[in-house]
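Here's the letter readout for the chains.
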Number of protein chains: 2
Amino acid sequence: MGTSQLESVPEPKYWHLKTVLSDALDSEFAVGEILPNERELAARFGVARATLRQALEQLELEGRLQRRRGVGTTVAPPRVGVAVGDYTHTWTEAAGDDAWACVDSVEAVPPAAVMRLLDTDPDTPVHQVRRTRVSQGQPLAAELLYVPPASVPGLAALDGPGGLARARAVLRELSRLKLEGREQSVELGSARADDARELDRLPGAPVLVVTTRYVGEHRTAAVAVATYRADTCRLTFGDPGGVELLAG
Amino acid sequence: MGTSQLESVPEPKYWHLKTVLSDALDSEFAVGEILPNERELAARFGVARATLRQALEQLELEGRLQRRRGVGTTVAPPRVGVAVGDYTHTWTEAAGDDAWACVDSVEAVPPAAVMRLLDTDPDTPVHQVRRTRVSQGQPLAAELLYVPPASVPGLAALDGPGGLARARAVLRELSRLKLEGREQSVELGSARADDARELDRLPGAPVLVVTTRYVGEHRTAAVAVATYRADTCRLTFGDPGGVELLAG
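Since we're looking at a predicted model, the values are computed, not measured. (Residues numbered from 1 in each chain as written. Chains lettered and ligands numbered in written order. Predicted model: local features only at pLDDT ≥ 70, side-chain atom pairs only at ≥ 80, totals over all residues. Heavy atoms only, no water.)

*Asks:* Would you mind going over the nonpolar core with me for this structure?
*Replies:* A general tendency of soluble globular proteins is for nonpolar side chains to be buried together. Counting residues in hydrophobic clusters, the biggest one holds 32 residues, and the most contacted among them are Val186(A), Tyr228(A), Leu235(A), Val186(B), Tyr228(B) and Leu235(B). Tyr228(B) has contacts with Val82(B), Val84(B), Trp100(B), Arg133(B), Leu140(B), Ala141(B), Val207(B), Leu208(B), Val210(B), Cys233(B) and Leu235(B), leaving out every residue within four places of it along the chain. (Core = buried A, V, L, I, M, F, W, Y, C linked by side-chain atoms within 4.5 Å. Buried < 20%, exposed > 50% of the residue type's maximum accessible area, 1.4 Å probe, protein only. Contact = heavy atoms within 4.5 Å.)

This is the structure we're talking about:
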């Protein structure tokens with residue numbers, strides 16, 4: 001490890017090209033500008049198409065480029081800081097620059113990993129509320145919120161017809177619950193077909209999967225699994241004790 | 001949006017294959033087992049090599065497979081929960097199951113983005129301490145910690161010879177500073193060559209980049225940019241107010 005042990009792993013060719021392309025993006029292109037097509041770029045930099053494609057993929061991973069079907073490859077704007085570590089955005093539907101919107105709701109048995117967090121069994125269906133998070137007209141995240149019946153004891157009386165009305169009723173009841181804390185994890189994933197549709201991405205696009213366990217009354221009150229676009233989002237957490245800089 | 005508007009974006013062929021492969025991993029393979037080579041797999045599932053490769057890439061993104069040069073493709077163990085949202089792991093070098101180790105230190109002008117967070121100018125070099133985080137013999141993260149001279153006023157008197165001794169002196173002085181808070185962000189990136197070497201990955205491998213801004217005495221005391229392996233790590237944050245489940 002360290003600079004004293006420079007091992008002789010050769011840098012792949014596309015890696016060097018990536019650096020060259022990155023400099024070109026800084027100096028020659030504006031945000032939103034469409035890049036020349038792959039054939040032209042490969043010719044300009046004197047590389048094979050496959051090498052070029054690898055370099056473009058790297059730059060997409062790093063958020064420098066966006067590739068959209070029917071548009072081509074464009075220079076990406078800087079990633080948006082998206083707060084995922086505070087309570088203010090949760091469970092309220094509001095019209096604003098950054099808001100969650102309910103989509104629908106079903107009752108079903110959750111996946112095994114969620115069941116384990118909720119401590120429910122395979123015979124217990126839970127409320128599954130689908131929400132999307134939109135900022136300035138752009139979809140940021142698609143979420144499934146899993147709520148066991150015990151967390152929304154007042155719901156039966158209201159009993160909506162399912163779908164959107166039901167989703168809102170579940171969230172309204174859930175907001176009555178006093179939360180004691182929450183725990184989150186972030187990991188890399190690839191967009192499932194349904195999430196990809198809502199995020200305006202192709203299935204399989206890299207996403208950041210944020211799992212949130214909400215704790216109330218000494219047990220897991222709800223679990224949310226949210227899929228954030230990895231190309232446009234930088235997720236922010238924390239207690240800055242002052243002015244927030246990373247969220248900008 | 002939602003289930004009522006199922007758009008007709010066809011699922012790519014590799015996507016279906018990915019699902020089939022994923023089921024096969026569950027039922028036929030054990031963690032650590034080496035998969036048959038690409039030719040055999042393509043023949044078994046009746047797909048082109050390119051399609052197979054795309055499906056394998058997806059499964060790697062999702063943490064189901066690991067591909068290592070010289071070994072082949074193996075079934076990945078479940079991702080490890082790695083706490084990044086607490087103070088206990090920082091600035092102390094300890095021998096343990098999960099510990100940060102100093103590598104070296106230089107004084108240099110930081111990148112523009114870090115300079116902006118530190119509110120330093122291009123004429124002010126800062127201490128750059130390189131650290132690695134290792135858990136059970138596996139590298140989890142490579143970090144560069146940027147510390148402006150104002151945050152370690154006692155350092156001049158000690159003045160180490162640079163390198164590892166200097167790195168430790170900077171951290172020791174930094175630990176005297178009272179912190180008021182911190183702010184973190186997570187985004188997708190690709191491993192730079194130097195980080196890749198320390199993480200035992202190829203350059204360009206997907207990584208999770210965690211930027212931490214430490215606030216002390218009403219200003220940014222230090223900035224850390226840590227690169228976590230996205231294939232093996234699930235980053236955990238938060239204040240569970242109870243038993244931690246996501247870190248398991």
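*Asks:* Would you mind going over the pairing of strand β6 (residues 138-147) of chain A with me for this structure?
*Replies:* Remark: a regular strand shows side chains that alternate across the two faces of the sheet. All names here are of chain A. Most of β6 is tucked away: 9 of the 10 residues are buried. Two strands pair when backbone bridges link them, and strand β5 (residues 126-135) and β6 are joined in this way by 9 bridges, in the antiparallel orientation. In the strand pairing of β6, Val-129 is matched with Leu-145. In this structure, β6 lies alongside strand β9 (residues 219-229), joined through 6 bridges in antiparallel fashion. (Helix = DSSP H or I, 4+ residues; strand = E, 2+ residues; numbered from the N terminus. Pairing = 2+ DSSP bridges.)

*Asks:* What is the right way to read the packing of aromatic side chains from this model?
*Replies:* Two descriptors summarise a pair of aromatic rings, namely the distance from one centre to the other and the angle between the planes of the rings. Summed over the entire model, instances satisfying the criterion amount to 3 aromatic pairs over all chains. Taking the centre distance of 6.4 Å and the plane angle of 80° together, the rings of Tyr14(A) and Trp15(A) count as edge-to-face. We note that Tyr14(A), like Trp15(A), is buried. For the cation-ring pair, Arg131(A) lies above Trp100(A), with the distance from its terminal atom to the ring centre recorded as 4.5 Å. Over the ring of Trp15(B) we find Lys18(B), and its NZ or CZ is 3.9 Å from the ring centre. (Phe/Tyr/Trp six-rings, centres within 6.5 Å; stacked < 30°, edge-to-face > 60°. Lys NZ or Arg CZ within 6 Å of the ring centre and 35° of its normal.)

*Asks:* Help me understand helix α1 (residues 13-28) of chain B, please; the structure alone is not making it clear to me.
*Replies:* For an α-helix, 3.6 residues make a turn, and residues three or four places apart therefore share a direction. Here α1(B) contains 16 residues, and its C-alpha end-to-end distance of 22 Å stays within 8% of the 22 Å for a straight helix at 1.5 Å per residue. Among the structural elements, β7 (179-190) and α7 (193-199) of chain A together with α2 (38-45), α3 (49-61), β1 (65-68) and β2 (72-75) of chain B are those in contact with the buried residues of α1(B). (Expected span 1.5 Å × (residues − 1).)

*Asks:* Help me out: how do you make sense of the pairing of β1(B) in this one?
*Replies:* All names here are of chain B. Relative to β2, β1 is paired through 4 bridges, and the arrangement is antiparallel. Directly across from Leu-65, in β2, lies its bridge partner Val-75. Hairpin connection between β1 and β2: a loop of 3 residues separates the two successive antiparallel strands, and Gly-70 in this loop has a positive phi of roughly 90°.

*Asks:* Looking at this model, I keep getting lost on the packing of α1(B) against α3(B). Mind explaining?
*Replies:* Helix packing geometry: the angle between the two helix axes and the distance between the axes. Residues and elements named next belong to chain B. Running from amino to carboxyl end, α1 crosses α3 at an angle of 60°, the nearest separation of the two axes being 8 Å. Accordingly, the angle class assigned to the pair α1 and α3 is oblique. Judged by the sense of rotation from one axis to the other, the crossing of α1 with α3 is right-handed. Contacts between α1 and α3 pair Lys-13, Tyr-14, Trp-15, Leu-17, Lys-18, Leu-21, Ser-22 and Leu-25 from the former with Thr-51, Leu-52, Gln-54, Ala-55, Leu-56, Gln-58 and Leu-59 from the latter. Considering only residue class, the contact of α1 with α3 consists of 9 nonpolar, 4 polar and 2 charged. (Axes fitted to C-alpha atoms, helices over the stretch in contact; angles between N-to-C directions. Parallel < 35°, antiparallel > 145°, perpendicular 65-115°, else oblique. Left-handed = near helix turned anticlockwise from the far one by under 90°. Nonpolar A, V, L, I, M, F, W, Y, C, P; charged D, E, K, R; others polar.)

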